[in-house]
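Commentary on secondary and tertiary structure
Given next are the chains, with one letter for each unit.
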Amino acid sequence: MKSRVLVNGDLALENGSVKRASNLKEVIKQNISCKLRTIEGECFSNQNHGLPFFNGILGESELSMTLIQDTIRKSILNVNGVKDVENISLSFEGRKMSISYKVSTNQGVLEGSL
């Protein structure tokens, strides 16, 4: 699979050409990042892509860490190549939420954060 590499949501260039992912693990990590950075319904070609911030997280009367982690876990598990989510940790700085995760994939264990 030769997927284009994104850096901060933009295509990455290398020697004047669009950079391609070098392995499947890199593709899976990028797909997780894209899924977690997208609000469900934002993508016109796939309305189910992304996190349900408004309906599943912010739409709840009682916002809890467990609910947020479960919602993120379900979203990550829907990414092709992910077999299991081993760990998710959340941290907050003001209104900014940071996510760290560790997942089992068909290519081995993968860790990432955003």
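Here's a quick rundown of the structure. (Residues numbered from 1 in each chain as written. Predicted model: local features only at pLDDT ≥ 70, side-chain atom pairs only at ≥ 80, totals over all residues. Heavy atoms only, no water.)

Regarding helix H1 (residues 24-37)
Owing to its 3.6 residues per turn, the α-helix aligns residues three or four sequence positions apart on the same side. Heads up, the condition is: Comment: elements are numbered from the N terminus, with helices defined as DSSP H or I runs of at least four residues and strands as E runs of at least two. For a helix, the expected span equals 1.5 Å multiplied by the number of residues minus one. For every residue, the accessible area obtained with a 1.4 Å probe (protein chains only) is divided by the maximum for its type, and the residue is called buried under 20%, exposed over 50%, and partly exposed between those limits.
Given a rise of 1.5 Å per residue, 14 residues ought to cover 20 Å, and the 20 Å separating the end C-alpha atoms of H1 matches this to within 8%. Listing the buried residues of H1 in full gives Val27, Ile28, Gln30, Ile32, Ser33, Lys35 and Leu36.

Focus on the sheet that holds strand E6 (residues 96-105)
Note the cut-off: Pairing between strands is defined by DSSP: at least two bridges between the two strands are required. For helices, the fitted line uses only the C-alpha atoms of the stretch in contact; every axis is such a line through C-alpha atoms, and the angle between N-to-C directions lies from 0 to 180 degrees.
The three strands are arranged E5-E6-E7 in an open sheet whose pairing can be described as antiparallel. Unpaired on one side and paired on the other, strand E5 (82-93) and strand E7 (108-113) mark the two borders of the sheet. For this sheet the average axis-to-axis angle between neighbouring strands, irrespective of direction, equals 10°. Bridge count for E5 against E6 is 10 bridges, and the pairing is antiparallel. Bridge assignment links Phe92 to a residue of E6, and that residue is Met97.

Some words on the packing of H1 against helix H3 (residues 65-77)
The criterion, for reference: An angle below 35 degrees is treated as roughly parallel, one above 145 as roughly antiparallel, one from 65 to 115 as roughly perpendicular, and anything else as oblique. For any helix crossing, the convention is left-handed if the near helix is rotated counterclockwise from the far helix by under a right angle, and right-handed if that rotation is clockwise. Whether two residues are in contact is decided by their heavy atoms: any pair within 4.5 Å suffices. Under the grouping applied here, Gly and all other residues not named as nonpolar or charged are polar, the nonpolar ones being Ala, Val, Leu, Ile, Met, Phe, Trp, Tyr, Cys and Pro and the charged ones Asp, Glu, Lys and Arg.
At a minimum axis separation of 10 Å, H1 and H3 run at an interaxial angle of 135°. By the angle between their axes, H1 is oblique relative to H3. Of the two possible hands of crossing, H1 and H3 adopt the one that is right-handed. Residue-level inspection shows Ile32, Lys35 and Leu36 of H1 in contact with H3, the latter providing Ile72, Ser75 and Ile76. Classifying every residue of the contact of H1 with H3 gives four nonpolar, one polar and one charged.

Digging into the environment of Asn106
Structurally, the position occupied by Asn106 is in the loop between E6 and E7. The class of Asn106 is exposed, set by a relative accessible area of 53%. Sequence spacing of Asn106 and Lys83 is 23 residues, and the spatial spacing of their C-alpha atoms is 6.8 Å. For Asn106, the contacting residues outside a window of four places in its chain are Gly81 and Lys83.

Quick word on the nonpolar core
Condition: By nonpolar core is meant a set of buried Ala, Val, Leu, Ile, Met, Phe, Trp, Tyr and Cys residues that side-chain atoms within 4.5 Å join together.
The biggest cluster of nonpolar side chains holds 16 residues, and the ones touching the most others in it are Ile32, Leu36, Ile72, Ile76, Val82, Ile88 and Val103. Listed by contribution, the elements that provide at least two residues to this core are H1, H3, E5 and E6. Among the elements that take part in this core, E5 stands out by supplying four residues, more than any other. For Val103, the contacting residues outside a window of four places in its chain are Ile32, Ile76, Val82, Asp84, Val85, Glu86, Gly108, Val109 and Leu110.

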